[in-house]
Amino acid sequence: RKEVEQDPGPFNVPEGATVAFNCTYSNSASQSFFWYRQDCRKEPKLLMSVYSSGNEDGRFTAQLNRASQYISLLIRDSKLSDSATYLCVVNPGAGSYQLTFGKGTKLSVIP
Amino acid sequence: DTEVTQTPKHLVMGMTNKKSLKCEQHMGHRAMYWYKQKAKKPPELMFVYSYEKLSINESVPSRFSPECPNSSLLNLHLHALQPEDSALYLCASSLGGTLLNEQFFGPGTRLTVL
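The sections below set out a description of the structure shown in this document. (Residues numbered from 1 in each chain as written. Chains lettered and ligands numbered in written order. Predicted model: local features only at pLDDT ≥ 70, side-chain atom pairs only at ≥ 80, totals over all residues. Heavy atoms only, no water.)

### A look at the sheet that holds strand β8 (residues 70-75) of chain A
Residues and elements named next belong to chain A. Here five strands make up an open sheet; going across it, the order is β1-β3-β8-β7-β6 and the pairing antiparallel. Edge positions in the open sheet fall to β1 (4-6) and β6 (55-57), since each of these has one partner strand only. Adjacent strand axes in the sheet meet at a mean angle of 15° when their direction is disregarded. Of the strand pairs in this sheet, strand β3 (residues 19-25) and β8 are connected by six bridges, and their pairing is antiparallel. Considered in β8, the bridge of Thr24 is made with Tyr70. (Pairing = 2+ DSSP bridges. Helix = DSSP H or I, 4+ residues; strand = E, 2+ residues; numbered from the N terminus. Axes fitted to C-alpha atoms, helices over the stretch in contact; angles between N-to-C directions.)

### Things to note about the interface of chain A and chain B
Where interface size is quoted, it is often the accessible area lost as the parts come together. Each side of the interface is counted separately: chain A has 22 residues, and chain B has 28 residues. Between chain A and chain B, a total of about 1,900 Å² is buried, with carbon and sulfur atoms accounting for 58% of that surface. Taken together, chain A and chain B are joined by six residue pairs in polar contact (both at pLDDT 80 or more). Among the secondary structure elements, those contributing two or more residues to the side of chain A that touches chain B are β4 (32-38) and β5 (44-50) of chain A. With four residues, β4(A) is the largest single contributor of residues to the side of chain A that touches chain B. Broken down by class, the residue content of the side of chain A that touches chain B amounts to nine nonpolar, nine polar and four charged. (Contact = heavy atoms within 4.5 Å. Buried area = accessible area lost by both parts, 1.4 Å probe. Polar contact = N/O pair within 3.5 Å; in protein donor to acceptor, adjacent residues only side chain to side chain. Nonpolar A, V, L, I, M, F, W, Y, C, P; charged D, E, K, R; others polar.)

### Considerations on unusual backbone geometry
Cis geometry is adopted by the peptide bond preceding Pro10(A), which originates at Gly9(A) and carries an omega value of 5°. Looking at the secondary structure, you find Pro10(A) in the loop between β1 and β2 (11-14). In this model, Thr7(B) is joined to Pro8(B) through a cis peptide bond whose omega is -10°. Relative to the assigned elements, Pro8(B) resides in the loop between β1 (4-7) and β2 (10-13). With a phi close to 50°, Asp77(A) is a non-glycine residue in the positive phi region. Within the secondary structure, Asp77(A) is located in the loop between β8 and β9 (84-91). According to the relative accessible area criterion, Asp77(A) is partly exposed, its value standing at 36%. Located in the positive-phi region is Lys40(B), a residue other than glycine, with phi close to 60°. Within the secondary structure, Lys40(B) is located in the loop between β4 (31-37) and β5 (44-50). Overall, the relative accessible area of 83% leaves Lys40(B) in the exposed class. (Buried < 20%, exposed > 50% of the residue type's maximum accessible area, 1.4 Å probe, protein only.)

See the structure below:
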């Protein structure tokens, strides 16, 4: 089983749609979880850290299910500017410097 | 200042050249990282400096040589590279010593080796 798995997509959705990405991780001892977005030929930018109780930031909601070892990201009311690759990232241990990246899910929001 | 800066943005070098990539942050972060990213792949960790000491070297070839002159600066010295080393080189930083370890990336240096 790969360490962090994501559906590669692409997800092509119309403006205004709601889209959800899921990610599974294999290391049950993993301590912290993130979603990054990466635009073409740019650096990854931290979108959200994912907390145990789930967290929301505007149109974005992240959820963590430790029992099933998956993380989700929900984007409501999609905008053209949301088009990017979304990377699920896991920190495998307390205080570890090494992040494990998923391969990313590509989202295209179409007018 | 909440950003990581990198220079140069683009670099083209021959296989016999020596060049350096530079990274700077002024967020008081004590951990700094070098990553390599090829097209359509996630970033791959190369090196980690924690409190200015090299703490992780992910079996990177010796033609890549990192240096951390102080807590704000990180360099990557390049010598005798191969064409397959062409990639986006990303620097990142994090607070260090925390459970969360949120990492913030610089804009990267796009390297082409001829």
